[in-house]
Amino acid sequence: MKIDYDTGDFFDEMYHADGTARPHYARLVETLSALSEEDFHKKREAVELAFLQQGITFTVYGNEESTEKIFPFDLVPRIIPASEWSHLEEGLIQRMTALNLFLHDVYHDQKIIKDGIVPMEIIKSGKHFREEMVGFEPPKGIYIHICGTDLIRDHHGEYLVLEDNGRCPSGVSYMIENRRAMKKAFPQLFPASGVQSVSNYPDKLHKALQYIAPQAGAATIAVLTPGIYNSAYFEHCFLARQMGAEIVQGQDLVVKSDDCVYMKTTVGLKRVDVLYRRIDDDFIDPEVFNKESMLGVPGLMRAYRAGNVALANAVGTGIADDKVTYCFVPDMIKYYLDQDPILPNVETFLPYREADMKYVQENMENLVVKAANEAGGYGMLIGPAASKEEVAEFRAMVKDNPRDFIAQPPISLSRHPTYGDEGLDGRHVDLRPYIIQSDKIRVVPGGLTRVALRKGSLVVNSSQGGGSKDTWVLNNDQ
Amino acid sequence: MLCRVADSLFWMSRYIERAENTVRLVDVMHQTILESEHSNEDVGYAHWEPILLTLGDRDAYDAIYPKRSSFNVSEFLTFNEKNPSSVFSCIKSARENARTVRDQISTEMWETLNKLYLFIKRADSQMICSESDFEFFARIKEFAHLFRGILESTFPQDLGYEFVVCGREIERAAKTCQILDTKRFMSSSTSEPDDAIDAVQFAAMLRSCTGFEAFHHEHGSDLDTIPVRQFLLLSQKFPRSALFCIRRLQVAMHAISNCPITLFSNEPERLTGRLVSKLNYALAVDVEGENGDRLIDDIETELENIAIAFSRQYMQAEIYDPAVEATQKQSQG
């Protein structure tokens, strides 16, 4: 395949600005060049058909009828050399440690607030702060068992943390399926020295869930899903199947007056010890949170607080991945660990602070504005690309609800050669590694590289035209 | 096993069976019409009406289509999304149920069902309904056979399997009865008995149940009401006869409860056992004329009762009732 590629004015993952391949990509470039374009195209079609037939799909909302789509998969893998990965790994472990300490603090002594590092107001006004968790000790003191942290690279190739997803991060099934598809389609691309495996993720997850079981012995573990119409239902099933766990919906569970959780089976009720829940706090227990919720289990919080069932992630972790709280994570790392953050944040303005509000209002057309509590690329303004009306609309919204927004200068995400209609072309990418916490914190080597398939687009979310790539962490540096 | 999982397996299986049976009915009807007078859509519709009446769908049809035509009925039974029993709707529902238990069934089962869904979703409904595309119907039947084959060779034969069998056999027995019913509606539409037409109709019915050849093995070429009814209701060997299906259902039910087949441990087992006996000891006279009509009605009603009792026994979400728990506590205290 002819590689005629322009890195443009961006940091490119594969190529130096002078057009030579980075050393850890050299072998891939060589193997790719030897492939015919036709072969490559055929493989791509075969992989897409396989995904569709296997039902590896997600649901897009918004239309009257929600539609099932495959998550587009790009066959050019992203490669991370071993030393670069250890840097990321260290940074992510540090961050996860601090976030967990923060959550414990915020729901107990609130020292970080008393010491004036994080303002009380931020916590109290956070939509995801849960009064019900105050004073409660979750099993083994762990709040975030599974985290998906989004990383981007700036102009110089430095890794920055864009956001932490400490509630119900999704996408891990694509990480595993992408690797599987890649091995089938292009075995010849894999380096002789190998690529670090991601396939044992479900096993690690299973151990982490077993670790927090309230009773000794084999625990009954279940994945709690909102159901087949949820966009990530495929993933919920995938994980349950791979772990040998039950997949349950709210209607399958009851909390009896003994404050234990049971599932309804054909031979009666069976006790459940651990729930890997993929339902947000708001919907998890209509007795405590959203009263209208049909997805949750009445009494679940009661059972949780009594210590009869463990939940992963804990309730109330949303206060840590709130986009406003995000701004304070570097301070948390300093405060709790007395360390400098290994992975910096993206420069962020908080309209909540008066000086920042003024700056944001005056420069909105040059900023990216995000709703503090939304995910999936919803509720977002990309100033430079927005119309005057859109900017005005956000200006008013930010003015009225300063706590609900943050603003960042647009970061030109790094690009990666991606196979499109005109051959290889640069597309913006980010990286979501998955972190699991049990007896210690482990980072899955690799993660989900998301790619904005539309030319020039910076939005990598699957709901908005994003795709994904297999992500290889090498065993060495080349 | 979760009640909901049992329910989904049961219905997945039932919907696939229903889709396949409807395809058979439609396919056979298309073929039969070719040899009958079908000069215009009205006459064509007259051939279809007995099927609509048997399936109890004529009102639903009239609510959707202003005009009674052969094309419309074919569309209604095969593709229409508003008809919950159309082949498309059944396949969609089967897939939806399979998706709910995606973690319980084998990858091969899911993929076959998903392929079937994609196949019918992409089919050219206009062409198929106007030109009777046998290829299309054959493919769907093949998918259904394939699915059952895959089920037999990839699905662990424990509890879940028995729920699948129960769904399939209840549906199959009910459909065989409905197919026999079509003859009743056909007879009522013509006043005078005509042996030649009767023979064609009986042959069509047997073909709808894939029983044409098997019938001739058991009964020779005696295409008449009593032998056909005996065959489709009481055959000990033919896999789609009502008795055969209900016996198979009984075996599956007792495998779920582990209760010996000569006894019963719950209501659906009792109802099923009673129905098996009734058919097991039936004579030719019991399928003759009005006796036979009544027997067919009884089987259909009993199958419905069995399905309800079965669902109540294993799949109802009401297994736990907090009010009952509270009263028990009080009475103990």
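Here the structure is a predicted model, which is why all the values come from computation and not from measurement. (Residues numbered from 1 in each chain as written. Chains lettered and ligands numbered in written order. Predicted model: local features only at pLDDT ≥ 70, side-chain atom pairs only at ≥ 80, totals over all residues. Heavy atoms only, no water.)

Taking 1.5 Å per residue as the helical rise, helix H8 (residues 134–154) of chain B with its 21 residues ought to reach 30 Å, and the 30 Å between its terminal C-alpha atoms agrees with that figure. Among all positions of H8(B), only B:Phe136, B:Phe137, B:Ile140, B:Lys141, B:Phe143, B:Ala144, B:Phe147, B:Arg148, B:Ile150 and B:Leu151 are buried. (Helix = DSSP H or I, 4+ residues; strand = E, 2+ residues; numbered from the N terminus. Expected span 1.5 Å × (residues − 1). Buried < 20%, exposed > 50% of the residue type's maximum accessible area, 1.4 Å probe, protein only.)

So, on to the packing of helix H1 (residues 3–34) of chain B against helix H5 (residues 87–100) of chain B. All names here are of chain B. Two elements in contact, H1 and H5, have axes whose closest approach is 8 Å; the angle formed by their N-to-C orientations is 155°. The angle between H1 and H5 falls in the class roughly antiparallel. Considering only the axes of H1 and H5, their crossing is left-handed. For the pair formed by H1 and H5, the contact residues are Arg4, Ser8, Trp11, Met12, Tyr15, Ile16, Arg18, Ala19, Thr22 and Val23 on the first element and Val87, Cys90, Ile91, Ser93, Ala94, Asn97, Ala98 and Thr100 on the second. Split into classes, the residues belonging to the contact of H1 with H5 amount to 11 nonpolar, five polar and two charged. (Axes fitted to C-alpha atoms, helices over the stretch in contact; angles between N-to-C directions. Parallel < 35°, antiparallel > 145°, perpendicular 65-115°, else oblique. Left-handed = near helix turned anticlockwise from the far one by under 90°. Contact = heavy atoms within 4.5 Å. Nonpolar A, V, L, I, M, F, W, Y, C, P; charged D, E, K, R; others polar.)

Quick look at the pattern of salt bridges now. Across all of its chains, the model carries 50 salt bridges over all chains by this definition. Linking A:Asp340 and A:Lys334 is a salt bridge whose minimum nitrogen-to-oxygen distance equals 3.4 Å. Judged by relative accessible area, which is 54%, A:Asp340 ranks as exposed. Between B:Arg14 and B:Glu171 there is a salt bridge, with its nearest N and O atoms 2.8 Å apart. (Salt bridge = Lys/Arg side-chain N within 4 Å of Asp/Glu carboxyl O.)

This paragraph deals with H1(B). With 32 residues, H1(B) should cover 46 Å at 1.5 Å per step; its first-to-last C-alpha distance of 47 Å lies within 8% of that length. With 28 of 32 residues buried, H1(B) lies mostly within the body of the structure.

What follows covers the sheet that holds strand E11 (residues 274–277) of chain A. Residues and elements named next belong to chain A. One open sheet holds the four strands; their spatial order is E7-E6-E11-E12, and the pairing between them is parallel. Each edge of the open sheet is held by one strand with a lone partner, namely strand E7 (246–248) and strand E12 (310–312). Direction aside, neighbouring strands of the sheet carry axes that sit 30° apart on average. Together, strand E6 (221–224), E7 and E11 form the strand contacts of helix H8 (residues 233–243), whose direction differs from that of E7 by roughly 150°. (Pairing = 2+ DSSP bridges.)

Now for the sheet that holds strand E8 (residues 253–255) of chain A. Residues and elements named next belong to chain A. The strand order across the open sheet built from three strands is E8-E9-E10, with neighbouring strands paired in antiparallel fashion. Each edge of the open sheet carries a strand with a single partner, namely E8 and strand E10 (268–271). Ignoring strand direction, the axes of neighbouring strands in this sheet form an average angle of 40°. Alignment of E8 against strand E9 (residues 261–265), held across three bridges, turns out to be antiparallel. Residue pairing for E9: Val254 is matched across the bridge by Tyr262.

This next bit is on a negative patch on the surface. Taken together, the side chains of B:Asp194, B:Asp195, B:Asp222 and B:Asp224 present a region of like negative charge at the surface. On the accessibility criterion, B:Asp194 (33% relative accessible area) is partly exposed. (Patch = residues over 30% accessible without salt bridge, like charges linked within 9 Å, V, L, I, M, F, W, Y side chains within 5 Å. Areas by Shrake-Rupley, 256 points an atom, 1.4 Å probe, with all protein chains shown as cover. Lys, Arg positive; Asp, Glu negative; His and termini not counted. Charge placed at Lys NZ, Arg CZ, Asp CG, Glu CD.)

Residues and elements named next belong to chain A. The pairing of E9 with E10 spans four bridges and is antiparallel. From the neighbouring strand, Tyr262 faces E10, where its bridge partner is Arg271. Between E9 and E10, which pair antiparallel in sequence order, lie two residues.

This brings us to the nonpolar core. One finds A:Leu275, B:Met12, B:Leu233 and B:Ile299 to be the most contacted residues of the largest nonpolar core, which totals 168 residues. The element best represented in this core is H1(B), accounting for 13 residues. Apart from residues lying up to four places away in sequence, B:Leu233 is in contact with B:Cys177, B:Leu180, B:Ser241, B:Ala242, B:Leu243, B:Leu279, B:Val287, B:Leu295, B:Ile296 and B:Ile299. A:Val47, A:Ala213, A:Tyr233 and A:Ala240 belong to the second-largest nonpolar core, a separate cluster that totals 63 residues. (Core = buried A, V, L, I, M, F, W, Y, C linked by side-chain atoms within 4.5 Å.)

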